[in-house]
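So the chains spell out like this:
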Amino acid sequence: MPLVYTSANPEQDTEAVVRVLVHAFAGTAEGVREWLAKSGWENLRVVRDGEGATPIATLLRIPMAHYYGGKPVKTVGIAAVGVAPEARGRGVAKFLMSEGLREIARDRCALSSLYPATTTLYRRVGYEQAGTNFEHQYPVDSIAVKGDNLAIRASTAADLPAIKACYEAFARNRDGALDRGEYIWNRKMTPRDGPCSGFVVEEDAPIPDACDGRRITGYVFLRQDRNPVSGRHAVLVSDIAAVTTRAARRLLAFIGEFGSMAENMTFLCGQIHPLFPLLDEPRGLTVKFKEYWMLRVTDVAAAVAERGYHPGLSAEVHIDVADEVLPQNSGRWVLRVKGGVGSAERGGRGDLCCDTRGLAAAFGGLLTATNLRMLGLLGGSDDAVAALQAIFPGNPVGHCDFF
Ligand SMILES: CC(C)(COP(=O)(O)OP(=O)(O)OC[C@H]1O[C@@H](n2cnc3c(N)ncnc32)[C@H](O)[C@@H]1OP(=O)(O)O)[C@@H](O)C(=O)NCCC(=O)NCCS
């Protein structure tokens, strides 16, 4: 029977879908049902072994965007990829992902992104590593940041629009950061391990989006996890952002005030979080690699048009793309950038060549175009590579040197 990719029907498919996901992630049926209810069945896709058959694989679509160059570029995040244990090893996941990508491209959505449990599967359909996720841990009683007298208060549901506005101002200029949808906001406030408490800092701000002349300039969502042996606890920060120095310092000092009973503060982010350099002494910081996240360009023209560019940059890049899964992206493109706006049009000389992995990696900027050529993900002359690097600036961080 040919495999079929379709929407899921909660009336008939619940049992099979729950079974696939329980085996995929070793969770409980109850936990999976809750997850699906929060995620929305309309975002679930399944593979059936023939028309009308029971689902043997699942995929969850999470519509949102990534900021690049200060502008949101639409993406469909992918989660809940699972294949029933008895159906594995015969190309079902590859079929599921390929069809999922075709659907995303049909909707003219620029990108798709995900956290991979196995990189191989997603590389096969054109994703490449575009960012990182690390666990940062810092002893709470070592947070010596001095906050001033800025008031901090518990957040309420009514604060959510202002919290989101604060996040957007904080995240917009960090390439790859999410322009979050409801799915991600829910996970920030109610992570799987338990709900978080929110706290906000407000400052006078005579600006249009301020509420009564005050504006939320920083917030934190955190959860305390008690160690039954020591009686002390960890402070698990699920989200923290600030748009002024005062708010940033106040939030860190606030976490430090848990220090009489709290041991470590734990937070997941990239190599660095913009607030952490405010910690006076990074000596106690431990950082553990968790995962790469991966990106896939699903619509070349939309991806280039939606992202932002430096307004002073004027550049032209001729590139030849190979895309097996989405052949409409294959072939020659001229990428033009002027006055902060980009476009991709058909044609050109094909000075550079890459497949979708190289394109995703260049677009994402985890490595520079020069690094990508060294890795064999991109081909072309020095000048052509430099031009690509100018329009999709890489984000090199960290040193291999010590001095
Ligand atoms: C990972 C999983 C989805 C793969 O499903 P599958 O139907 O067996 O995968 P496919 O047969 O379509 O494999 C496609 C490619 O991925 C590779 N692949 C699949 N599982 C892999 C694994 N665990 N490790 C490395 N490569 C893997 C295959 O070798 C194949 O590559 P090839 O084209 O070179 O042969 C399935 O094992 C599963 O449900 N696992 C548990 C849940 C999970 O890990 N989900 C992913 C969350 S991101």
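Calculation notes
Residues numbered from 1 in each chain as written. Predicted model: local features only at pLDDT ≥ 70, side-chain atom pairs only at ≥ 80, totals over all residues. Heavy atoms only, no water. Domains from an automatic or database assignment. Contact = heavy atoms within 4.5 Å. Buried area = accessible area lost by both parts, 1.4 Å probe. Bend = angle between axes of the 7 residues up to and from the residue. Helix = DSSP H or I, 4+ residues; strand = E, 2+ residues; numbered from the N terminus. Buried < 20%, exposed > 50% of the residue type's maximum accessible area, 1.4 Å probe, protein only. Polar contact = N/O pair within 3.5 Å; in protein donor to acceptor, adjacent residues only side chain to side chain. Axes fitted to C-alpha atoms, helices over the stretch in contact; angles between N-to-C directions. Parallel < 35°, antiparallel > 145°, perpendicular 65-115°, else oblique. Left-handed = near helix turned anticlockwise from the far one by under 90°. Nonpolar A, V, L, I, M, F, W, Y, C, P; charged D, E, K, R; others polar. Patch = residues over 30% accessible without salt bridge, like charges linked within 9 Å, V, L, I, M, F, W, Y side chains within 5 Å. Areas by Shrake-Rupley, 256 points an atom, 1.4 Å probe, with all protein chains shown as cover. Salt bridge = Lys/Arg side-chain N within 4 Å of Asp/Glu carboxyl O. Core = buried A, V, L, I, M, F, W, Y, C linked by side-chain atoms within 4.5 Å. Near = heavy atom within 4 Å.

S.K.: Just to check I follow, could you spell out the domain arrangement of the protein chain for this structure?
M.R.: Put simply, an interface is often sized by how much accessible area is lost when its parts join up. The assigned domain composition of the protein chain is domain 1 (4-109), domain 2 (145-278) and domain 3 (294-391). With 14 residues of domain 1 at the interface, the matching set in domain 3 holds 17 residues. Both sides of the domain 1 and domain 3 interface together cover about 1300 Å² of buried area, and 56% of this is carbon and sulfur. If you sort the residues of domain 1 by the area they bury against domain 3, Tyr68, Leu101 and Arg108 come out on top, with a joint share of 41%.

S.K.: Is there a simple way to think about helix 1 (residues 10-25) in this case?
M.R.: Within an α-helix, residues lying three or four positions from one another point in the same direction, as the helix has 3.6 residues per turn. The principal kink in helix 1, of about 30°, is found at Ala16. Listed in full, the buried residues belonging to helix 1 are Asp13, Thr14, Ala16, Val17, Val18, Val20 and Leu21. Along its buried surface, helix 1 packs onto helix 2 (29-39), strand 2 (44-48), strand 3 (55-68) and strand 4 (71-83). Where helix 1 begins, one side-chain oxygen reaches toward the backbone nitrogen of Glu11, 2.9 Å away; that side chain belongs to Asn9. Immediately downstream of helix 1, the backbone of Ala26 shows phi near 55°, a positive value.

S.K.: What exactly am I supposed to notice about the packing of helix 1 against helix 2 here?
M.R.: What describes two packed helices is the angle between their axes and the distance between those same axes. Running from amino to carboxyl end, helix 1 crosses helix 2 at an angle of 115°, the nearest separation of the two axes being 9 Å. Considering the angle they form, helix 1 stands roughly perpendicular to helix 2. Remark: the crossing between helix 1 and helix 2 carries right-handed chirality. Of helix 2, the residues touching helix 1 (which contributes Thr14, Val17, Val18, Leu21, Val22 and Phe25) are Ala29, Val32, Arg33, Trp35 and Leu36. Classifying every residue of the contact of helix 1 with helix 2 gives nine nonpolar, one polar and one charged.

S.K.: Would you take a moment to explain a nonpolar patch on the surface for this structure?
M.R.: On the surface, a nonpolar cluster with roughly 300 Å² of combined accessible area is contributed by Leu367, Met374 and Leu375. Within the secondary structure, Met374 is located in helix 10 (residues 369-374). Since its relative accessible area comes to 61%, Met374 is described here as exposed.

S.K.: Explain the packing of helix 5 (residues 160-171) against helix 6 (residues 182-189) here, please?
M.R.: As a packed pair, helix 5 and helix 6 sit with axes 13 Å apart at the nearest point and diverge in direction by 100°. One element, helix 5, and the other, helix 6, form an angle in the roughly perpendicular class. Residues Leu160, Ile163, Lys164 and Tyr167 of helix 5 pack against Glu182, Trp185 and Met189 of helix 6.

S.K.: What am I meant to see in the nonpolar core here?
M.R.: Note that soluble globular proteins tend to have their nonpolar side chains buried in a common cluster. Formed by 43 residues in total, the largest nonpolar core has its most connected members in Tyr219, Val220, Leu222, Val237, Ile240 and Ile255. For this core, the secondary structure elements donating two or more residues are helix 5, helix 6, strand 9 (197-204), strand 10 (214-226), strand 11 (233-242), helix 7 (245-256) and strand 12 (262-269). Considering every element that reaches this core, the biggest residue donor is helix 7, with six residues. When sequence neighbours within four positions are dropped, the list of residues in contact with Tyr219 reads Ile163, Cys166, Tyr167, Arg180, Trp185, Phe199, Val200, Asp239, Ile240, Ala241 and Leu251.

S.K.: Help me understand the site of the ligand in this model?
M.R.: Near the ligand, the surroundings consist of 20 residues, among which Val81, Val83, Gly89, Gly91 and Arg124 are the closest. Within the contact set of the ligand, a nitrogen atom lies 2.8 Å away from a backbone nitrogen or oxygen of Val81. A distance of 3.5 Å separates a nitrogen atom of the ligand from a polar atom in the side chain of Thr118. Protein burial of the ligand: of its 900 Å² of free accessible surface, 68% is covered by the chains. Elements represented by at least two residues in the shell around the ligand include exactly helix 1, strand 4, helix 3 (92-106) and helix 4 (119-124). Ranked by residue count, the leading element in the shell around the ligand is helix 4, at four residues. Grouping the constituent residues of the shell around the ligand by class yields 11 nonpolar, five polar and four charged.

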